[in-house]
Structures are given as C-alpha cells and as structure tokens.
Amino acid sequence: MTEQIKRSQSAEDYLETILNLGKNQDVVHRVDVAKRMKVSQAAVNKAVKLLVEQDYVYEDGKHLYLTESGKVYAEQVYEKHCIIRDYLIACGVSANTAEEDACNMEHLVSEETFSMMKRSVCK
C-alpha cells in the first residue's frame, strides 16, 4: 500500500469522525476526535493541520468545523461506509464484523463494486 493511500485513508477517517461527532454535539473538540479514534492528541493535531491545509477543516482555536468541501467529502466516505456495512450484513456477516470491515473497505472499494453494493442495498 502506498504512502499516498495511507494518508488518504487517514484523512477520510478524520473527516468521517468529525462529521459524525458534529451530528451528536454542538461543537467538535480535538479531544473528542482523539477519544473516538483512539489516537493521541498529537496525532489529531498533525491530522488537523493537514486537513486545514487541504481546506477540508477550519478551526476557531478550540473547535473543529468541516468546510463545505470537507463536509461533501466526509458525507461521501460515510455513505460508502454505511452501504458497505449494510451490504455485508445483508450477506450474513455479523454486525460487528461488517462495521469493522466497512471501515477498511470504504477506502479501497472501486466505484463499480460500490455501485453494485448500493443498488443491492437500496432496492
């Protein structure tokens, strides 16, 4: 796996986490991201710096927010996650395993395969 893919997967995981935390609370703090992702504060700081540079996230000192492009990207990743998870569950995979596998597969699945899964789940 190339370094570029690893960075992309990491960025997508952070964006997805910020998106989901923002659905359940008014503001998202770095510490919330660290706890949810089970990573260090330093790892979050490094990731946020890169996401800000890529214009996916902005911050006001204490809080993290998705930019419009960050929100669109995060929602696309989360949709893939949900469709893949639901597809695996429909195929008989346990919910816990489907959740874990979806976290990995969402970054690697081709558009062709994802479209097939989506058609199957969204009948």
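Quick look at the structure, then. Keep in mind the model is a prediction, meaning the values are calculated, not measured. Every residue gets a number counted from 1 within its own chain, in the order that chain's sequence is written. In keeping with the model being predicted, local features are shown solely for residues with a pLDDT of at least 70 and side-chain atom pairs are shown and tallied solely at 80 or more, while totals for entire chains, interfaces and linings include all residues. Water and hydrogen atoms play no part in the side-chain values, which are based on all heavy atoms of the structure.

1. Description of the pattern of salt bridges
Operational definition: In what follows, salt bridge is the name for a side-chain nitrogen of Lys or Arg lying within 4 Å of a carboxyl oxygen of Asp or Glu. Helix and strand assignments follow DSSP, with helices taken as H or I runs no shorter than four residues and strands as E runs no shorter than two, numbered in order from the N terminus. Only protein chains enter the accessibility calculation, which uses a 1.4 Å probe. A residue is then buried if its area is under 20% of the maximum for its type, exposed if over 50%, and partly exposed in between.
The tally for this structure, following the rule as stated, stands at 5 salt bridges. Glutamate 59 serves as the salt-bridge partner of arginine 30, at 2.3 Å between the closest nitrogen and oxygen. Remark: glutamate 59 occurs in strand 2 (residues 57–59) and arginine 30 occurs in helix 2 (residues 30–37); sequence separation between them is 29 residues. Judged by relative accessible area, arginine 30 falls into the buried class, the value being 18%.

2. Here we look at the packing of helix 2 against helix 3 (residues 41–53)
Rules: Only C-alpha atoms enter the line fits that serve as axes; for helices the fit covers just the stretch in contact. Angles between N-to-C directions range over 0 to 180 degrees. Any angle between 65 and 115 degrees counts as roughly perpendicular, while under 35 counts as roughly parallel, over 145 as roughly antiparallel, and the rest as oblique. Less than a right angle of anticlockwise turn of the near helix away from the far helix marks a crossing as left-handed, whereas a clockwise turn marks it as right-handed. Residue contacts follow a heavy-atom distance rule, with two residues in contact if any of their heavy atoms lie within 4.5 Å. Any residue outside Ala, Val, Leu, Ile, Met, Phe, Trp, Tyr, Cys, Pro, Asp, Glu, Lys and Arg is labelled polar, Gly included; the first ten of those are nonpolar and the last four are charged.
At a closest axis distance of 9 Å, the pairing of helix 2 and helix 3 adopts a crossing angle of 115°. Compared by their axis directions, helix 2 and helix 3 come out roughly perpendicular. Helix 3 is crossed by helix 2, and the crossing has right-handed handedness. Between helix 2 and helix 3, the contacting residues are Arg30, Val31, Val33 and Ala34 on the first element and Gln41, Val44, Asn45 and Val48 on the second. The residue inventory of the contact of helix 2 with helix 3, partitioned by class, reads 5 nonpolar, 2 polar and 1 charged.

3. Quick notes on the packing of aromatic side chains
Rules: Only the six-membered ring of Trp is used, alongside the rings of Phe and Tyr, when aromatic pairs are assigned; centres must lie within 6.5 Å, and planes under 30 degrees apart are stacked while those over 60 apart are edge-to-face, with the rest tilted.
For the structure shown, the criterion picks out 2 aromatic pairs. Relative to tyrosine 73, the ring of tyrosine 56 lies with its centre 5.2 Å away and its plane at 55°, an arrangement referred to as tilted. Residue tyrosine 56 is found in the loop between helix 3 and strand 2, and its partner tyrosine 73 is found in helix 4 (residues 68–90); the two are separated by 17 residues along the sequence. Residue classification places tyrosine 73 among the buried residues on the basis of a relative accessible area of 19%. Relative to tyrosine 65, the ring of tyrosine 58 lies with its centre 5.1 Å away and its plane at 20°, an arrangement referred to as stacked. The class of tyrosine 58 is partly exposed, set by a relative accessible area of 43%. A relative accessible area of 26% places tyrosine 65 in the partly exposed class.

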